[in-house]
Amino acid sequence: AGRPAAAADLPVGHEDRVRQTLHFLFQLHEVILANPGTSVDSLPTIFERHHGEPFSIQSYLVVNKSGLAGTLKRIPHVIAVLDKDGVPTCYPSLPAKTTPEDLKTVDADFRANLQNKRKQTTEAESAPAAKRTAVEAEGPLVLQPAARAHPNGVP
């Protein structure tokens, strides 16, 4: 379950899909780098003006009920979404000299870090159940009342 996927295990076209998504992320980086402080609401228009193509983020990333701002917050390694006077605003997370290959490495590191956090969370959530099972196997747990101090400090 925890092994990396082999190329044969990946769906047909997976590598193309990853390459296209990374290309889109790099385009986002370029737009935000050229227009730091862009509001999330104006990003589609600025993207289309900058690249001359539609801003089709939903083709690459899941856009759910949290909207565009929520989607962009899930890629903090590419874009920082900060609140500026109550308006979600985009800033670049990567240096200006970032290349597409640099982004590929940063994205792979980000994904690996997420997988490690998920694994640790899963392990932490299952650990108490394992401990509880071991204690239950030993028999009932009897708690002793704690010694109480007298309210006036007198025993």
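Residue numbering note: each chain is counted from 1, following its sequence as written. This being a predicted model, a pLDDT of at least 70 is required before a residue's local features are given, and a value of 80 or more before pairs of side-chain atoms are given or counted; all residues contribute to the totals for chains, interfaces and linings. Values shown for side chains rest on all heavy atoms present in the structure; no hydrogens or waters enter the calculation.

**Quick word on the packing of aromatic side chains**
Between rings of Phe, Tyr and Trp, where Trp is taken as its six-membered ring, a pair exists when centres lie within 6.5 Å; planes separated by under 30 degrees are stacked, by over 60 edge-to-face, and by other angles tilted. Inspection of the entire model under this criterion finds four aromatic pairs. Clustering of aromatic rings is evident, with ring pairs tying together Phe24, Phe47, Phe55 and Tyr60.

**Regarding unusual backbone geometry**
Glycine aside, residues mostly have negative phi, and peptide bonds are mostly found in the trans state. A positive phi angle, close to 55°, is found at aspartate 85, a residue other than glycine. Following the sequence through the fold, aspartate 85 ends up in the loop between strand E2 (79-84) and strand E3 (87-92). To qualify as a helix, a DSSP run of H or I must reach at least 4 residues; to qualify as a strand, a run of E must reach at least 2; elements of each kind are numbered from the N terminus.

**Observations concerning the pairing of E3**
Judged from the two bridges that link them, strand E1 (residues 38-39) and E3 form a sheet pairing that is antiparallel. By the bridge assignment for E3, threonine 38 is matched with cysteine 90. Here E2 pairs with E3 via six bridges, running antiparallel. Pairing of isoleucine 79 across the sheet is with proline 92, part of E3. In this scheme, strands are said to pair when DSSP sees at least two bridges between them. Taken together, E2 and the strand that follows it, E3, pair antiparallel across an intervening segment of two residues, in which aspartate 85 is found at a positive phi of about 55°.

**As for the confidence of the model for the protein chain**
The predicted structure's coordinates, where accompanied by low pLDDT, should not be read in detail. pLDDT expresses how confident the predictor is about each individual residue, on a scale running from 0 to 100. Residues with a pLDDT of 70 or more make up 74% of the protein chain, whose mean pLDDT is 82. Ignoring residues within four places in sequence, the model shows residues 1-8, a span with pLDDT below 50, making two contacts including any to other chains. Contact between two residues is taken to exist if any of their heavy atoms lie within 4.5 Å; hydrogens are not considered.

**Some words on the pattern of salt bridges**
Salt bridges are defined as contacts in which a side-chain nitrogen from Lys or Arg sits within 4 Å of a carboxyl oxygen from Asp or Glu. Under the definition given, this model contains two salt bridges. The shortest N-O distance in the salt bridge between aspartate 107 and arginine 111 comes to 2.8 Å. With aspartate 107 and arginine 111 both in helix H4 (residues 100-138), this residue pair falls four residues apart, about one helical turn. Burial classes: relative accessible area under 20% of the type maximum marks a residue as buried, over 50% as exposed, and values in between as partly exposed (1.4 Å probe, protein chains only). Given a relative accessible area of 7%, aspartate 107 falls into the buried group.

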